[in-house]
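Analysis of the macromolecular model
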Amino acid sequence: VQLQAFGGGLVQTGGSLRLSCAASGRTFSNYAMGWFRQAPGKEREFVATITGSGGGTYYADSVKGRFTISRDNAKNTVYLQMNTLKPEDTAVYYCAAGSKLLPLRAGEFRYWGQGTLVTVSS
């Protein structure tokens, strides 16, 4: 599976962005999809995950209620809608694909896309 994330950019505190991740190469709906992020000087952290069907989701506490993960299997794309952004959301965001039902840890994802940078100004 090849993954390409895009949609990052510069936004003010309280603003919104939608990230997209386009997949190719395998049957997209066979894979759970996740978003991770890595801030400067910090380790990569889990953000959200969604099952292959889209029927199940899970979020990190830090983004719950502000971010929404969704997918369109007809378009082989997963999205991350980010609302009420905060400066601490500044990071490079990565999408990933895994074969478990609802993977949560980085090691459970087999395929990774390149990151897209999100910068939230205060």
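Our subject is the structure listed above.
Only a predicted model underlies this, so the values are computations on that prediction, with no experimental measurement involved.

**Brief notes about the overall build of the protein**
Of the regular secondary structure elements, the protein holds zero helices and eleven strands. Its helices and strands taken in sequence order, the protein reads β-β-β-β-β-β-β-β-β-β-β from the N to the C terminus. Considered along the principal axes of its C-alpha atoms, the protein spans approximately 40 × 25 × 25 Å. Here the protein, with 122 residues, has 46% of them falling under the buried criterion. Long-range contacts, defined as pairs at least 24 residues apart, comprise 56% of the intrachain contacts of the protein with a sequence gap of at least 6.

**Observations concerning the side chain of Ser20**
Its location among the elements puts Ser20 in strand β3 (residues 17–24). In contact with Ser20, not counting residues within four places along its chain, are Gln4, Ala5, Phe6, Trp35, Thr77, Val78 and Tyr79.

**Digging into the state of the cysteines**
Counted by the stated rule, this structure contains one disulfide. Across the disulfide from Cys21 sits Cys95; the S-S distance is 2.1 Å. With the S-S dihedral at roughly 60°, the linkage between Cys21 and Cys95 falls on the right-handed side. On the criterion of sequence distance, the pair formed by Cys21 in strand β3 and Cys95 in strand β9 (residues 91–98) is long-range, its members being 74 residues apart. Taking relative accessible area as the criterion, Cys21 reaches 0% and is therefore assigned buried.

**Side note on the side chain of Thr116**
Tracing the sequence through the fold places Thr116 in strand β11 (residues 116–121). Classification of Thr116 as buried rests on a relative accessible area of 10%. Engagement of the side chain of Thr116 in a polar contact is seen with the backbone nitrogen of Gly8, the distance being 3.1 Å. Those residues in contact with Thr116 that sit more than four places away from it in its chain are Ala5, Phe6, Gly7, Gly8, Leu19, Ala91, Val92 and Tyr93.

**Section: the environment of Gly113**
Position of Gly113 relative to the elements: it lies in the loop between β10 (111–112) and β11. Its relative accessible area of 9% is what places Gly113 among the buried residues. On a C-alpha basis, the gap between Gly113 and Ser24 in space is 11 Å, while along the polypeptide they are 89 residues apart. If we skip the residues at most four places from it in the chain, Gly113 touches Leu3, Tyr94 and Cys95.

Conventions used here
Numbers given to residues run from 1 along each chain, matching the order in which its sequence is written. It should be noted that, the model being predicted, local features are given only for residues of pLDDT at least 70 and side-chain atom pairs only at 80 or more, the latter also being counted only at that level, while totals for whole chains, interfaces and linings use all residues. Only heavy atoms go into the side-chain values, all of them from the structure, while hydrogens and water stay out. Comment: elements are numbered from the N terminus, with helices defined as DSSP H or I runs of at least four residues and strands as E runs of at least two. Between buried and exposed lies partly exposed: a residue is buried under 20% and exposed over 50% of the maximum accessible area for its type, with that area taken using a 1.4 Å probe on protein chains only. Contact definition: two residues touch when any of their heavy atoms are within 4.5 Å. Throughout, a disulfide means two cysteine sulfur atoms within 2.5 Å of one another. N or O atoms within 3.5 Å of each other form a polar contact, as long as, within protein, one can give a hydrogen and the other can take it, and as long as residues adjacent in sequence are counted only when both atoms are side-chain atoms.

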